[in-house]
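Commentary on secondary and tertiary structure
Here's the letter readout for the chains.
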Amino acid sequence: MAGSSNDHQNSMKPVSVSLHVALLPVLDELSKECDKKTILMLKDAFTKTEKQVPGFTQEFLNGLLQKEVPGEINFTESLLRMSGRDSPEFALQHKEPEFIKLSDRARLLKQILSRIPDEMHDRPRFLQTIKDIASAIKDLLDAVNDVFKRYSSRTNRRALDNQKKEFVKCSKNFSDTLKIYFRDGQEVRVYASANRLIQQANAILMVFKSTSPD
């Protein structure tokens, strides 16, 4: 039983968006021109390192950009722009309608959040985007509750409920960050907070992906 609980706790750790949305797709493209065995070794090395040292990929890519084009690219902003893309890592295998709705609503929330850098400087559009984000958060939580009904195991329900609470907490932090932004205009904090919210949306998908309905 303890092992099962540990498995669920591990599954709730957010999967790296930097790895699965930014780095691995680039390596996949390189495999068309470079030695495939070498690319596979690189992918395996980065994946293992990210598991052992969460956040490594983001620090690596950020450091690489700052070395090659110092001050020209904000990695936090770039990551947010990319985070709306689909990744097989976050795809649910369950085909029941509730799971499909959950996937669709998580995807929509991530796509709306990824538009923030393009809409921040148009106040009316940005205010509408904020409303869209709030609506998408509510819709995602409703979808989580619908899928939650399929689970009766205490261990599964605890893991799912814990991840839902983390998502709600992150949503509130995002709202607080927006309030601060309208006072001080610090965009990067909003980008970072939106990235964390996307991480939590992905974590919800991952915990459902790693468990089966009872």
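Worth saying up front: this structure is predicted, and the values here are computed from it rather than measured. (Residues numbered from 1 in each chain as written. Predicted model: local features only at pLDDT ≥ 70, side-chain atom pairs only at ≥ 80, totals over all residues. Heavy atoms only, no water.)

Before going further, it helps to examine the side chain of serine 171. Among the secondary structure elements, serine 171 is positioned in helix H9 (residues 154-184). Residues in contact with serine 171, not counting those within four places in the same chain, are Ile137 and Leu197. (Helix = DSSP H or I, 4+ residues; strand = E, 2+ residues; numbered from the N terminus. Contact = heavy atoms within 4.5 Å.)

Inspection of every chain in the model, using the stated rule, returns 14 salt bridges. Glutamate 77 is the salt-bridge partner of arginine 81, the closest N and O atoms lying 2.8 Å from each other. Of this pair, arginine 81 and glutamate 77 are both found in helix H5 (residues 75-82), 4 residues apart, which corresponds to roughly one turn of the helix. Here lysine 165 and aspartate 161 are joined by a salt bridge, their closest N and O atoms 3.5 Å apart. Linking lysine 165 with aspartate 161, this pair stays in helix H9, spanning 4 residues, or about one helical turn. According to the relative accessible area criterion, lysine 165 is exposed, its value standing at 53%. A residue is classified by how much of its surface remains accessible, and aspartate 161, at 27% relative accessible area, is partly exposed. Through salt bridges with shared partners, a single network forms among Arg115, Glu119, Arg125 and Asp132. (Salt bridge = Lys/Arg side-chain N within 4 Å of Asp/Glu carboxyl O. Buried < 20%, exposed > 50% of the residue type's maximum accessible area, 1.4 Å probe, protein only.)

One pass over the structure, following the stated rule, counts 5 aromatic pairs. Ring-pair connections join several aromatic residues into one group, and the members of that group are Phe99, Tyr151 and Phe208. (Phe/Tyr/Trp six-rings, centres within 6.5 Å; stacked < 30°, edge-to-face > 60°.)

With respect to the secondary-structure elements, serine 83 resides in the loop between H5 and helix H6 (97-114). Serine 83 gets classed as buried once you look at its relative accessible area, which sits at 3%. Within the structure, the side chain of serine 83 is placed 2.7 Å from the backbone oxygen of leucine 79, a separation counted as a polar contact. Those residues in contact with serine 83 that sit more than four places away from it in its chain are Val17, Val21, Lys110, Asn195 and Ile198. (Polar contact = N/O pair within 3.5 Å; in protein donor to acceptor, adjacent residues only side chain to side chain.)

Take the confidence of the model for the protein chain next. In this model, the protein chain carries a mean pLDDT of 83, and residues with pLDDT of at least 70 account for 88%. When mean pLDDT is compared element by element in the protein chain, helix H8 (residues 123-148) scores highest at 96, while helix H1 (residues 2-11) scores lowest at 42. Confidence drops under pLDDT 50 across residues 1-12; counting only partners more than four residues distant or on other chains, this segment forms 15 contacts. (pLDDT = per-residue confidence, 0-100.)

This next bit is on the environment of lysine 149. Here lysine 149 shows up in the loop between H8 and H9. Relative accessible area serves as the criterion here: at 66%, lysine 149 is assigned to the exposed category. Once the C-alpha coordinates of lysine 149 and glutamate 98 are considered, the two residues, 51 residues apart in sequence, prove to be 9.8 Å apart.

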